[in-house]
Amino acid sequence: MKNILVLLTVITLFSSCAKDGAPGPQGPQGNANVVAGNYDVKYSAWSIYTPSQGLWFYTVSVTDNDITPAIVSNGSVSAFISFDNNTWYNLPYNDFQTSTFFINYRFLYSAGVVSFDIVPSDGGAITLYNDYYFKVVAIAGSIVKKHPGTNWNNYEEVMQVMGQENK
(Lines give C-alpha, C1' and ligand atoms only; values in the text may rest on other atoms or scores of the structure.)
Protein backbone atom coordinates (compact mmCIF):
# COMPACT_ATOMS: atom_id res chain seq x y z
CA MET A 1 0.00 0.00 0.00
CA LYS A 2 2.86 2.35 0.88
CA ASN A 3 4.45 1.76 -2.54
CA ILE A 4 1.17 2.57 -4.29
CA LEU A 5 0.90 5.88 -2.41
CA VAL A 6 4.47 6.82 -3.35
CA LEU A 7 3.83 5.91 -6.98
CA LEU A 8 0.60 7.94 -7.09
CA THR A 9 2.35 10.91 -5.51
CA VAL A 10 5.17 10.80 -8.08
CA ILE A 11 2.71 10.49 -10.98
CA THR A 12 0.68 13.42 -9.65
CA LEU A 13 3.75 15.61 -9.24
CA PHE A 14 5.09 14.99 -12.72
CA SER A 15 1.75 15.16 -14.49
CA SER A 16 0.92 18.49 -12.86
CA CYS A 17 4.01 20.16 -14.30
CA ALA A 18 3.58 21.98 -17.59
CA LYS A 19 5.88 23.89 -19.86
CA ASP A 20 4.09 27.21 -20.16
CA GLY A 21 5.38 30.62 -21.10
CA ALA A 22 7.62 32.06 -23.76
CA PRO A 23 11.21 30.90 -24.20
CA GLY A 24 13.87 32.98 -22.51
CA PRO A 25 16.26 35.30 -24.35
CA GLN A 26 19.18 33.96 -26.32
CA GLY A 27 22.31 33.55 -24.19
CA PRO A 28 25.70 35.03 -25.13
CA GLN A 29 27.47 33.49 -28.08
CA GLY A 30 30.17 31.06 -27.00
CA ASN A 31 33.12 29.46 -28.71
CA ALA A 32 34.11 25.85 -28.26
CA ASN A 33 37.50 26.52 -29.89
CA VAL A 34 39.08 27.97 -26.72
CA VAL A 35 37.85 26.39 -23.50
CA ALA A 36 39.21 26.79 -19.97
CA GLY A 37 38.66 24.47 -17.04
CA ASN A 38 39.40 25.40 -13.43
CA TYR A 39 40.48 22.85 -10.84
CA ASP A 40 40.80 23.34 -7.10
CA VAL A 41 43.02 20.47 -5.95
CA LYS A 42 42.96 19.85 -2.22
CA TYR A 43 46.29 19.04 -0.61
CA SER A 44 44.89 15.67 0.48
CA ALA A 45 44.11 14.63 -3.13
CA TRP A 46 47.73 14.12 -4.19
CA SER A 47 49.26 10.66 -4.57
CA ILE A 48 52.87 10.26 -3.49
CA TYR A 49 55.27 8.27 -5.66
CA THR A 50 58.70 7.05 -4.69
CA PRO A 51 60.24 5.46 -7.79
CA SER A 52 63.07 2.99 -7.47
CA GLN A 53 65.62 5.83 -7.76
CA GLY A 54 64.33 7.14 -4.44
CA LEU A 55 62.99 10.40 -5.91
CA TRP A 56 59.71 11.60 -4.47
CA PHE A 57 57.02 13.29 -6.48
CA TYR A 58 53.34 13.99 -6.07
CA THR A 59 50.68 13.61 -8.75
CA VAL A 60 46.96 14.02 -9.29
CA SER A 61 44.87 13.44 -12.42
CA VAL A 62 41.56 15.05 -13.33
CA THR A 63 39.10 14.43 -16.12
CA ASP A 64 39.02 17.18 -18.73
CA ASN A 65 36.69 16.36 -21.61
CA ASP A 66 37.67 19.59 -23.37
CA ILE A 67 40.99 17.96 -24.24
CA THR A 68 39.79 16.04 -27.27
CA PRO A 69 41.84 13.86 -29.63
CA ALA A 70 41.70 16.76 -32.14
CA ILE A 71 43.16 19.15 -29.54
CA VAL A 72 45.92 16.64 -28.74
CA SER A 73 46.72 16.14 -32.45
CA ASN A 74 46.37 19.66 -33.86
CA GLY A 75 45.72 22.14 -31.06
CA SER A 76 47.42 23.27 -27.92
CA VAL A 77 46.89 22.84 -24.19
CA SER A 78 48.18 25.42 -21.73
CA ALA A 79 48.08 25.04 -17.97
CA PHE A 80 48.59 27.51 -15.15
CA ILE A 81 48.92 27.24 -11.39
CA SER A 82 47.89 29.64 -8.65
CA PHE A 83 48.60 29.40 -4.97
CA ASP A 84 45.98 32.03 -4.07
CA ASN A 85 43.47 31.67 -6.96
CA ASN A 86 44.47 35.14 -8.08
CA THR A 87 48.05 35.23 -9.44
CA TRP A 88 48.72 32.66 -12.18
CA TYR A 89 52.00 31.06 -13.31
CA ASN A 90 52.43 29.02 -16.46
CA LEU A 91 53.36 25.36 -16.17
CA PRO A 92 55.99 24.12 -15.95
CA TYR A 93 56.88 26.44 -13.11
CA ASN A 94 59.83 26.38 -10.71
CA ASP A 95 59.06 27.86 -7.30
CA PHE A 96 62.41 28.66 -5.70
CA GLN A 97 62.25 28.16 -1.95
CA THR A 98 65.96 28.92 -1.47
CA SER A 99 68.84 29.61 -3.84
CA THR A 100 69.48 25.86 -4.17
CA PHE A 101 66.05 24.27 -3.64
CA PHE A 102 62.96 24.64 -5.77
CA ILE A 103 59.70 22.83 -6.37
CA ASN A 104 58.83 22.05 -9.97
CA TYR A 105 55.13 22.10 -10.93
CA ARG A 106 54.35 20.49 -14.28
CA PHE A 107 51.50 18.97 -16.24
CA LEU A 108 50.91 16.19 -18.73
CA TYR A 109 47.80 15.60 -20.78
CA SER A 110 46.12 13.18 -23.12
CA ALA A 111 42.61 13.06 -24.53
CA GLY A 112 40.16 13.50 -21.66
CA VAL A 113 42.67 13.76 -18.82
CA VAL A 114 45.26 16.12 -17.39
CA SER A 115 47.78 15.24 -14.68
CA PHE A 116 49.60 17.67 -12.45
CA ASP A 117 52.91 16.81 -10.78
CA ILE A 118 54.85 18.39 -7.94
CA VAL A 119 58.54 17.48 -7.98
CA PRO A 120 60.99 18.69 -5.30
CA SER A 121 64.38 19.51 -6.88
CA ASP A 122 66.27 17.39 -4.37
CA GLY A 123 63.97 14.39 -4.88
CA GLY A 124 63.03 14.40 -1.21
CA ALA A 125 59.68 14.48 0.52
CA ILE A 126 57.83 17.71 1.16
CA THR A 127 54.64 18.43 3.07
CA LEU A 128 51.67 19.56 1.01
CA TYR A 129 49.48 21.76 3.16
CA ASN A 130 47.70 24.12 0.76
CA ASP A 131 45.10 23.80 -1.95
CA TYR A 132 46.44 24.30 -5.45
CA TYR A 133 44.46 26.00 -8.19
CA PHE A 134 44.93 25.03 -11.81
CA LYS A 135 43.52 26.45 -15.02
CA VAL A 136 43.74 24.32 -18.15
CA VAL A 137 43.05 25.91 -21.52
CA ALA A 138 42.32 23.71 -24.54
CA ILE A 139 42.87 25.55 -27.82
CA ALA A 140 41.72 24.25 -31.19
CA GLY A 141 44.30 24.04 -33.97
CA SER A 142 42.38 26.63 -36.02
CA ILE A 143 42.79 29.18 -33.20
CA VAL A 144 46.50 28.41 -32.83
CA LYS A 145 46.90 29.12 -36.57
CA LYS A 146 44.72 32.25 -36.36
CA HIS A 147 46.96 33.72 -33.59
CA PRO A 148 50.49 32.72 -34.66
CA GLY A 149 52.27 35.28 -32.47
CA THR A 150 50.61 34.20 -29.23
CA ASN A 151 52.77 32.82 -26.46
CA TRP A 152 50.48 30.01 -25.29
CA ASN A 153 52.49 29.75 -22.05
CA ASN A 154 51.74 33.36 -21.09
CA TYR A 155 48.61 33.61 -18.95
CA GLU A 156 47.71 37.16 -20.02
CA GLU A 157 48.12 36.40 -23.73
CA VAL A 158 46.03 33.23 -23.51
CA MET A 159 43.28 35.04 -21.59
CA GLN A 160 43.34 37.84 -24.18
CA VAL A 161 42.83 35.35 -27.02
CA MET A 162 40.06 33.66 -25.01
CA GLY A 163 38.34 37.02 -24.62
CA GLN A 164 38.59 37.74 -28.36
CA GLU A 165 37.42 34.30 -29.41
CA ASN A 166 34.60 33.98 -26.87
CA LYS A 167 32.79 37.23 -27.69
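As a starting point, this report considers the structure included with it. Every value quoted in this text rests on a predicted model; they were computed, and no experiment measured them.

The rules behind the values
Residues numbered from 1 in each chain as written. Predicted model: local features only at pLDDT ≥ 70, side-chain atom pairs only at ≥ 80, totals over all residues. Heavy atoms only, no water. Pairing = 2+ DSSP bridges. Helix = DSSP H or I, 4+ residues; strand = E, 2+ residues; numbered from the N terminus. Axes fitted to C-alpha atoms, helices over the stretch in contact; angles between N-to-C directions. Contact = heavy atoms within 4.5 Å. Core = buried A, V, L, I, M, F, W, Y, C linked by side-chain atoms within 4.5 Å. Buried < 20%, exposed > 50% of the residue type's maximum accessible area, 1.4 Å probe, protein only. Salt bridge = Lys/Arg side-chain N within 4 Å of Asp/Glu carboxyl O. 1 Å grid on protein atoms, 1.4 Å probe; cavity = no way out; pocket = protein on both sides within 12 Å on 5 of 7 lines; lining within 4 Å. Points joined across faces, edges and corners; volume = space filled by probe spheres on them. Nonpolar A, V, L, I, M, F, W, Y, C, P; charged D, E, K, R; others polar.

1. Re the sheet that holds strand 8 (residues 112–120)
Reading across from one edge, 2-3-8-7-6 is the order of the five strands in this open sheet, with antiparallel pairing throughout. What marks the edges here is a single partner per strand, and that holds for strand 2 (47–49) and strand 6 (93–96). Direction aside, neighbouring strands of the sheet carry axes that sit 25° apart on average.

2. Quick look at the side chain of Ser 78
Among the structural elements, Ser 78 can be located in strand 4 (residues 76–82). Here Ser 78 is in contact with Phe 107, Lys 135, Val 136, Val 137, Ile 139, Trp 152, Asn 153 and Val 158, once residues within four sequence places are set aside.

3. Details of the sheet that holds strand 9 (residues 132–139)
By definition, the strands of a sheet pair up through backbone hydrogen bonds, in either a parallel or an antiparallel sense. Taken in spatial order, the four strands of this open sheet run 1-9-4-5, and their pairing is antiparallel. The sheet is open, and its two edges are formed by strand 1 (34–41) and strand 5 (89–90), each paired on a single side. For strand 4 and strand 9, the ladder comprises seven bridges, and the chain directions are antiparallel. Paired with Ile 81 across the strands is Phe 134, a residue of strand 9.

4. Focus: the nonpolar core
Core analysis: the largest hydrophobic core is formed by 38 residues, its most contacted members being Trp 46, Leu 91, Phe 116 and Phe 134. Among the elements of the structure, strand 1, strand 3 (57–64), strand 4, strand 7 (102–110), strand 8, strand 9 and helix 4 (155–165) are those that each provide at least two residues to this core. The dominant element in this core, judged by the number of residues it contributes, is strand 9, at seven residues. If sequence neighbours within four positions are ignored, Phe 116 has contacts with Tyr 39, Trp 46, Tyr 58, Thr 59, Val 60, Val 62, Leu 91, Arg 106, Phe 107, Phe 134 and Val 136.

5. Quick notes on the pattern of salt bridges
Counting across every chain of the model gives three salt bridges. Put simply, Lys 42 and Asp 40 hold a salt bridge, and the shortest N to O gap is 3.4 Å. Ionic pairing is found between Arg 106 and Asp 117, a salt bridge with its closest N-O pair at 3.0 Å. Within this pair, whereas Arg 106 is found in strand 7, its partner Asp 117 is found in strand 8, the two being separated by 11 residues in sequence. Taken together, the salt bridges that share partners define one network made up of Asp 40, Lys 42 and Asp 131.

6. Quick word on the layout of surface pockets
In this structure, the largest pocket spans a volume of roughly 180 Å³. Every residue lining the largest pocket is counted, 13 residues in all, and those nearest its centre are Gln 97, Ile 103, Tyr 105, Tyr 129 and Tyr 132. For the lining of the largest pocket, the class distribution of residues is eight nonpolar, three polar and two charged.

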